[in-house]
Amino acid sequence: MKKNKRNNELEEIVNNSEAMCEFLKKMIIETLKLENVTVGEIDSYVPLFRKGLGLDSIDALELVVAIEKIFNVIIEDEEVGKTAFASVDALSNFIQKKYKQG
Amino acid sequence: MEFKDKRVIITGGTKGLGKAIALSFAREGAWVGINYSSDDKSASSTEAELKRLTTKFILLKADVSSGSSVRKMINNVLDQWEYVDILVNNAGVIRDKLLMFLDEKDWDRVLEVNLKGTYLCSRAIIKTMIARRFGRIINITSPSAITGRAGQTNYSASKGGIISFTKSLSKEMARLGITVNAVCPGIISTPMIENLDQETKSDLLNMIPMGKFGKPEDIASMVLFLASEKAGYITGQILTVDGGLT
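Everything quoted here is computed from the prediction, not taken from an experiment. For every chain, the first residue of its written sequence is number 1, and the numbers climb from 1 along that sequence. Each chain gets a letter, beginning with A, and each ligand a number, beginning with 1, in the order they are written. Local features are withheld for residues below a pLDDT of 70 in this predicted model, meaning they are given only at 70 or higher, and side-chain atom pairs are given and counted only at 80 or more; totals for whole chains, interfaces and linings count all residues. To get the side-chain values, take all heavy atoms of the structure and skip hydrogens and water.

**Structural notes on the overall build of chain B**
Okay, step 1: Helix and strand definitions follow DSSP, with helices as H or I runs of at least four residues and strands as E runs of at least two, each counted in order from the N terminus. Along chain B, the regular secondary structure elements total 9 helices and 7 strands.
Okay, step 2: For this measure, only C-alpha atoms enter the radius of gyration; the expected value for a globule follows 2.2 Å times N^0.38, where N is the number of residues. Whereas a compact globule of 246 residues would reach a radius of gyration of roughly 18 Å, chain B reaches 17 Å, a difference of no more than 12%.
Okay, step 3: Counting only C-alpha atoms and orienting by the principal axes, one finds that chain B spans roughly 50 × 35 × 35 Å.
Okay, step 4: Of the roughly 11,500 Å² of accessible surface on chain B, 52% is carried by carbon and sulfur atoms.
Okay, step 5: Mean positive and mean negative side-chain charge positions of chain B (32 and 26 charges, respectively) differ by 6 Å. The accessible surface values rely on the Shrake-Rupley method and a 1.4 Å probe; as for residues, cover is taken only from the protein chains in view. When charges are counted, neither His nor the chain ends are considered; positive counts come from Lys and Arg and negative counts from Asp and Glu. Charged side chains are reduced to one point each, which is NZ for Lys, CZ for Arg, CG for Asp and CD for Glu.

**Remarks on the pairing of strand 5 (residues 135–140) of chain B**
Residue and element names in this part refer to chain B.
Okay, step 1: For each residue, the accessible area found with a 1.4 Å probe, counting protein chains only, is set against the maximum for its type, and the residue is called buried under 20%, exposed over 50%, and partly exposed in between. Burial runs high along strand 5: 6 of the 6 residues are buried.
Okay, step 2: Of the strand pairs in this sheet, strand 4 (residues 86–89) and strand 5 are connected by 4 bridges, and their pairing is parallel. Bridging from a neighbouring strand, asparagine 89 pairs with asparagine 139 of strand 5.
Okay, step 3: Following the chain from strand 4 across helix 4 (residues 104–132) to the adjacent parallel strand 5, one finds a crossover that is right-handed.
Okay, step 4: For two strands to count as paired, DSSP must find a minimum of two bridges between them. Where strand 5 lies against strand 6 (residues 178–185), 6 bridges are found, and the strand directions are parallel. Directly across from arginine 136, in strand 6, lies its bridge partner threonine 179. Consider the strands pointing away from the viewer: the crossover is right-handed when the path from the first strand over the helix to the second runs clockwise.

**Details of the sheet that holds strand 2 (residues 31–36) of chain B**
All names here are of chain B.
Okay, step 1: Taken together, 7 strands build an open sheet; the order of strands is 3-2-1-4-5-6-7 and the sheet is parallel. Each of the sheet's edge strands pairs with one partner strand only, and the pair in question is strand 3 (57–61) and strand 7 (238–241). Strand-to-strand twist across the sheet, computed as the mean angle between neighbouring axes with direction ignored, equals 20 degrees.
Okay, step 2: Inspection of the sheet shows strand 1 (residues 7–10) paired to strand 4 by 3 bridges, in the parallel sense. Each residue of the ladder has a partner; that of valine 8, found in strand 4, is isoleucine 86.
Okay, step 3: The strands that helix 1 (residues 16–27) touches are strand 1, strand 2, strand 4, strand 5 and strand 6; relative to strand 1, the one it contacts most, it runs at about 170 degrees. Fitted lines through C-alpha atoms give the axes, limited to the stretch in contact for helices. The angle between two N-to-C directions lies from 0 to 180 degrees. Residues are treated as being in contact if the distance between any of their heavy atoms lies within 4.5 Å.

**Re the interface of chain A and chain B**
Okay, step 1: Contacts between the two partners involve 11 residues from chain A and, on the opposite side, 8 residues from chain B.
Okay, step 2: The largest contributions to the chain A side of the interface with chain B come from Ile58(A), Glu62(A) and Val65(A), which together make up 54% of the buried area.
Okay, step 3: For this document, the term salt bridge refers to a Lys or Arg side-chain nitrogen within 4 Å of an Asp or Glu carboxyl oxygen. Along the contact surface separating chain A from chain B lie 4 salt bridges.
Okay, step 4: Polar contact criterion, stated in full: a pair of N or O atoms within 3.5 Å, where within protein one must be able to donate a hydrogen and the other to accept it, and residues adjacent in sequence count only if both atoms are side-chain atoms. For the pair chain A and chain B, the interface holds 4 residue pairs in polar contact (both at pLDDT 80 or more).
Okay, step 5: Looking at the side of chain A that touches chain B, the element that brings in the most residues is helix 3 (residues 57–71) of chain A, giving 7 residues. The term buried area refers to how much accessible surface (probe radius 1.4 Å) is lost by two components on association, counted for both of them together.

**What about the packing of helix 2 (residues 17–31) of chain A against helix 5 (residues 88–101) of chain A?**
All names here are of chain A.
Okay, step 1: One way to put it is that helix 2 packs onto helix 5 with a least axis distance of 9 Å and a crossing angle of 110 degrees. One finds that helix 2 runs roughly perpendicular with respect to helix 5. The element helix 2 and its partner helix 5 pack so that their crossing is right-handed. In this structure, helix 2 uses Ser17, Met20, Cys21, Leu24, Lys25 and Ile28 to contact helix 5, whose residues at the interface are Val88, Asp89, Leu91, Ser92, Ile95 and Gln96. Each angle gets one of four labels, with under 35 degrees taken as roughly parallel, over 145 as roughly antiparallel, 65 to 115 as roughly perpendicular, and the rest as oblique. In this scheme the handedness of a crossing depends on how the near helix is turned from the far one: anticlockwise by less than a right angle means left-handed, clockwise means right-handed.

**Examining the side chain of Ser122(B)**
All names here are of chain B.
Okay, step 1: Summarising the element assignment, serine 122 is placed in helix 4.
Okay, step 2: Under the relative-accessibility criterion, serine 122 is labelled buried at 2%.
Okay, step 3: Setting aside residues no more than four positions away along its own chain, serine 122 makes contact with Leu87, Asn89, Ile137, Phe165 and Leu169.

**Notes on empty space enclosed by the protein**
All names here are of chain B.
Okay, step 1: Here a cavity is any set of points on a 1 Å grid over the protein atoms alone where a 1.4 Å probe fits but cannot get out, and a pocket is any open set with protein on both sides within 12 Å along at least 5 of 7 lines; a residue lines the site when it has an atom within 4 Å of a point. Grid points are joined across faces, edges and corners, and a volume is the space filled by probe spheres set on the points. In total, this model carries 1 cavity of 30 Å³ or more according to the counting rule given.
Okay, step 2: Volume-wise, the largest cavity comes out at about 30 Å³.
Okay, step 3: Every residue along the wall of the largest cavity is listed here: Thr11, Val64, Asn89, Asn90, Ala91, Val113, Asn114, Gly117, Thr118 and Cys121.

**Here's the deal with the layout of surface pockets**
Where empty space is left in the structure can be found by rolling a water-sized probe over the atoms.
All names here are of chain B.
Okay, step 1: If you add up the space inside the second largest pocket, you get close to 1,400 Å³.
Okay, step 2: Residue lining of the second largest pocket: 48 residues in total, with Gly92, Ile94, Tyr155, Thr190 and Met192 positioned closest to the centre.
Okay, step 3: Taken together, the elements giving at least two residues each to the lining of the second largest pocket come down to helix 1, strand 2, helix 4, helix 5 (143–147), helix 6 (153–173), helix 7 (191–194) and helix 8 (198–207).
Okay, step 4: Classifying every residue of the lining of the second largest pocket by side-chain character gives 22 nonpolar, 19 polar and 7 charged. Amino acids are sorted into nonpolar (Ala, Val, Leu, Ile, Met, Phe, Trp, Tyr, Cys and Pro), charged (Asp, Glu, Lys and Arg) and polar (every other residue, Gly among them).

**Looking at the packing of helix 1 of chain B against helix 9 (residues 216–227) of chain B**
Residue and element names in this part refer to chain B.
Okay, step 1: Helix 9 packs onto helix 1 with a crossing angle of 55 degrees between their chain directions and a minimal axis gap of 8 Å. Put simply, helix 1 runs oblique to helix 9. Of the two elements, helix 1 crosses helix 9, and the hand of that crossing is right-handed. Of helix 9, the residues touching helix 1 (which contributes Gly16, Leu17, Ala20, Ile21, Ser24 and Phe25) are Pro216, Glu217, Ile219, Ala220, Val223, Leu224 and Ala227.
Okay, step 2: Of the residues that constitute the contact of helix 1 with helix 9, the class distribution is 10 nonpolar, 2 polar and 1 charged.

**So, the packing of aromatic side chains**
Okay, step 1: In this analysis, rings of Phe, Tyr and Trp, with Trp reduced to its six-membered ring, are considered paired at centre separations within 6.5 Å, and the interplanar angle assigns stacked below 30 degrees, edge-to-face beyond 60, and tilted for intermediate values. Throughout the structure, instances matching the rule amount to 5 aromatic pairs over all chains.
Okay, step 2: Taking 5.8 Å as the distance between ring centres and 80 degrees as the angle between the ring planes, the aromatic pair formed by Phe49(A) and Phe85(A) counts as edge-to-face. In this pair, Phe49(A) is assigned in the loop between helix 2 and helix 3 and Phe85(A) in the loop between helix 4 (78–84) and helix 5, connecting sequence segments 36 residues apart.
Okay, step 3: According to the relative accessible area criterion, Phe49(A) is partly exposed, its value standing at 21%.
Okay, step 4: Arranged with centres 5.7 Å apart and planes meeting at 75 degrees, the rings of Trp31(B) and Trp81(B) form a pair that is edge-to-face. Taken together, the positions of Trp31(B) in strand 2 and Trp81(B) in helix 3 (residues 67–81) put the pair 50 residues apart, joining distant regions of the chain.
Okay, step 5: Under the relative-accessibility criterion, Trp81(B) is labelled buried at 6%.
Okay, step 6: Aromatic rings pair up to connect Phe23(A), Phe71(A) and Tyr99(A) into one cluster.
Okay, step 7: A ring has a charge above it when a Lys NZ or an Arg CZ is no more than 6 Å from the ring centre and no more than 35 degrees off the ring normal. Across from the ring centre of Tyr83(B), 4.1 Å away, lies the NZ or CZ of Arg7(B), which sits over that ring.

Below, the structure is given as structure tokens:
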């Protein structure tokens, strides 16, 4: 099944922090259909919410679902979400850690 | 076939209103998942009727007030169908007593099935709807929630809770392509009403300006409308179908 191939590709991305941040930025833009924002414009260390990238809690719902679908990593509550969504870099670290555990 | 291959779950779907809703969806080509908690006899008779309409249906025996049962039920459906488009939270029980005689058990049971069940089923289904940016959640409430009714403090509280739940969830889901509405059926001729004594029935009839009980199909029509593409801009609303009762 193509799921295996996908897992290998995903494995490579997850093992490389830079690729991971790039991938997540793309995922955020695509999932939330952010117009007028490019991967290059998103700073990996800027907060995703409010005055940073300007996302809100409903955007977070969509990201939680996307992350679960792609990485099979579950963000189980809002507290965890707050840490995970602090920035693209934080999200990358969070997923890398969880992905390896899972 | 307005709902061809749309995937629908109806809780409490083997009797009364739920059954009418399930059969209406099936007639329109939908795949129907019918939940029930314990009455195997009515489940198998509903199954027989469904078989004449479609091959795409699943009977789901589960208590909607139990988180683990609900998760198991929804996962079972998602394993077979991949996703669900429409959830109708219809399962409900009554334990009518005047407050003075209403014990905790009857309070809890009504709140657990009617209100908590609506929460649990909605929560279990919401991720699959968000992922597809499409969904319809339709909850069944009651005139008792709006006007109150002696002997129904538990029931009216649960149904009032469903109205507030509907409004708040609709705000959370609006941007994600998911609408959340409630249908408020008046007095409908289901076995529950048919079995009342003649005097009570005529008292009830006198309360209805149209002078007749509603048919389960009257409610099903409204549910199907809210589930349709035509109702795509309607969310957070309570639509009453009651012959002028409220």
